[in-house]
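What the coordinates show
Single-letter residue listing:
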Amino acid sequence: MSARQMSQTEKTTLQPSPLSHVASLAVSPASWINILNDNEGQDGLGTVVYFGPGLMDVFSQLELSRAVRVVCVTPDVSQADVLINECPSGSQVLHAALSSRNDAAQYYAMPLSGYGGLRRPTGLKTLFPGLPDTNGIPVETHDLQGFCKQTLGTLNAHVGRNALILGLGGVELAILEGFTKYEVLTHFDDVFVTLPAISLYEGAEDGLAITTALLEAGFSIGSIDRQDPDLLLAHFALNDRFIAARQEAMTAREEQAHESASLVQKLEDLTTEHDALLKDKAGWAKERASLEDAVSKAQNSPE
């Protein structure tokens, strides 16, 4: 059962969201999904990275068969099985959590579909007082830096719009900060994330902090779905100037790589020429020794 399916008698009414001042936008997150699906070529789907278990409805609406790559990370083993079966062939599905310190992780499953997380649901129980207590389930952790460099390091090399779907509640800000630290966040063109009115998990931030982090990273609010005022669904798009800067950086790296390859080739050519000269020198030395030996024999022979 999702939060939007629960009756109002089961849900506590919260104060207005700190993001309630943001004007409603004409293009909804669902419309943005259609735009991504309809675009062709360089504006189509590039790499899609999904963090579950939440926002599965957003993820499943994308035409993943047209994506260049699909990468999924979820601490929910049952969802991992579903993703393995439903994602296109060649997709990467990790049943794990990401950590910058390789800490042990616990997954707290929730009866609310998509609201399981890696932190205790303290604020979620404020929103839904009837939620039962749940024990954490140990889950494997993967190194965040390794994930960014090895799995996401080639994002810029792909055509199409790269999309990040952050559906793992309570760690959205930690993922954004990690992606920023390891310089992969601005390789995404689109980010879909929920913005809670309050902190829903122990030690987590609210939607305002998540929004601030994305705005500071170079994204703009593309659209907000206000169907659930306590859990806004937002789409952020990378600013054009950051896209231009990213393209310039990519071009500069390509030129640098080409120049480096050219220098390596010149070095190899010089090395080959040097080796040939050394070989010729050895031949000349051998010929000189032979001539000197012949001269010596001629001088010492009886007349």
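The shown structure was predicted, so the numbers you read here are calculated from the model rather than taken from an experiment.

1. Things to note about the overall build of the protein
Per the secondary structure count, the protein includes eight helices and 11 strands. For the protein, the proportion of its 303 residues judged to be buried stands at 42%. Contacts in the protein between residues far apart in sequence, at least 24 positions, make up 70% of those at least 6 positions apart. Summed over all atoms, the accessible surface of the protein reaches about 16400 Å², with 52% contributed by carbon and sulfur.

2. Some remarks on the packing of aromatic side chains
If you walk through the whole model with that rule in mind, you get five aromatic pairs. Here Phe147 and Phe179 contribute two aromatic rings whose centre-to-centre distance is 6.5 Å and whose plane-to-plane angle is 15 degrees, an arrangement assigned as stacked. One end of the pair, Phe147, is in helix 5 (residues 144-151); the other, Phe179, is in helix 6 (residues 172-181), with 32 residues separating them in the sequence. The rings of Phe51, Phe147, Phe179 and Phe188 are connected pair by pair, giving a single aromatic cluster.

3. Notes on the pairing of strand 10 (residues 219-225)
The sheet contact formed by strand 10 and strand 11 (residues 231-238) spans six bridges and is antiparallel. Residue Asp225 lies in a different strand from strand 11, and its bridge partner there is Leu233. If you look at the hairpin formed by strand 10 and strand 11, you'll find five residues sitting between the two strands.

4. Considerations on the sheet that holds strand 8 (residues 161-166)
Taken in spatial order, the seven strands make up an open sheet running 3-2-1-8-9-11-10, and their pairing is mixed. Only two strands of the sheet have a single partner each, and these edge strands are strand 3 (92-95) and strand 10. Sheet twist, expressed as the average angle between the axes of neighbouring strands with direction ignored, equals 15 degrees. Here helix 6 sits on the sheet and contacts strand 1 (45-51), strand 8 and strand 9 (190-196); the angle it forms with strand 8, its principal contact strand, is near 145 degrees.

5. Regarding the pattern of salt bridges
Any two side chains of opposite charge can pair, so long as their charged atoms come close to each other. For the structure shown, the criterion picks out three salt bridges. Between Arg66 and Glu63 there is a salt bridge; the shortest N-O distance is 3.2 Å. A salt bridge links Arg161 to Asp190; the shortest N-O distance between them is 2.9 Å. With Arg161 in strand 8 and Asp190 in strand 9, this residue pair connects regions lying 29 residues apart in the sequence. Neither residue differs from the other here; Arg161 and Asp190 are each classed as buried.

6. Notes on helix 7 (residues 207-217)
Listing the buried residues of helix 7 in full gives Gly207, Ile210, Thr211, Leu214 and Ala217. In a view along the axis of helix 7, the buried residues occupy a sector of 130 degrees, so they form one face of it. N-cap assignment for helix 7: the residue whose side-chain oxygen lies 3.2 Å from the backbone N of Leu208 is Asp206.

7. Notes on the environment of Leu112
Within the fold, Leu112 resides in the loop between strand 5 (105-107) and helix 4 (122-127). Assessed through its relative accessible area of 3%, Leu112 is described here as buried. In this structure, the C-alpha to C-alpha distance between Leu112 and Gly54, residues 58 residues apart in sequence, is 9.9 Å.

8. Overview of the packing of helix 6 against helix 7
Close contact between helix 6 and helix 7 brings their axes to 10 Å; oriented N to C, the two are set at 15 degrees. In terms of orientation, helix 6 lies roughly parallel with respect to helix 7. For the crossing formed where helix 6 meets helix 7, the hand is left-handed. Residues Glu172, Leu173 and Leu176 of helix 6 lie in contact with helix 7, whose contacting residues are Ala209, Ile210, Ala213 and Leu214. Among the residues forming the contact of helix 6 with helix 7, the class breakdown is six nonpolar, no polar and one charged.

9. Details of the nonpolar core
Counting 39 residues, the largest nonpolar core has Phe51, Phe147, Leu164 and Phe179 as its most contacted members. Setting aside residues no more than four positions away along its own chain, Phe147 makes contact with Phe51, Val71, Val73, Leu94, Leu98, Leu152 and Phe179. In this structure, Val70, Leu83, Ile165 and Phe192 belong to the second largest nonpolar core, which totals 18 residues.

10. A few points about the confidence of the model for the protein
Across the protein, the average pLDDT comes to 82, with 81% of residues at or above 70. Confidence over residues 1-9 falls short of pLDDT 50; this stretch has 17 contacts with residues more than four positions distant or in other chains. Segment residues 20-27 is flagged for pLDDT under 50; beyond a separation of four residues in sequence, or across chains, it makes 14 contacts in the model.

Calculation notes
Residues numbered from 1 in each chain as written. Predicted model: local features only at pLDDT ≥ 70, side-chain atom pairs only at ≥ 80, totals over all residues. Heavy atoms only, no water. Helix = DSSP H or I, 4+ residues; strand = E, 2+ residues; numbered from the N terminus. Buried < 20%, exposed > 50% of the residue type's maximum accessible area, 1.4 Å probe, protein only. Contact = heavy atoms within 4.5 Å. Areas by Shrake-Rupley, 256 points an atom, 1.4 Å probe, with all protein chains shown as cover. Phe/Tyr/Trp six-rings, centres within 6.5 Å; stacked < 30°, edge-to-face > 60°. Pairing = 2+ DSSP bridges. Axes fitted to C-alpha atoms, helices over the stretch in contact; angles between N-to-C directions. Salt bridge = Lys/Arg side-chain N within 4 Å of Asp/Glu carboxyl O. Arc of directions from axis to C-beta. Polar contact = N/O pair within 3.5 Å; in protein donor to acceptor, adjacent residues only side chain to side chain. Parallel < 35°, antiparallel > 145°, perpendicular 65-115°, else oblique. Left-handed = near helix turned anticlockwise from the far one by under 90°. Nonpolar A, V, L, I, M, F, W, Y, C, P; charged D, E, K, R; others polar. Core = buried A, V, L, I, M, F, W, Y, C linked by side-chain atoms within 4.5 Å. pLDDT = per-residue confidence, 0-100.

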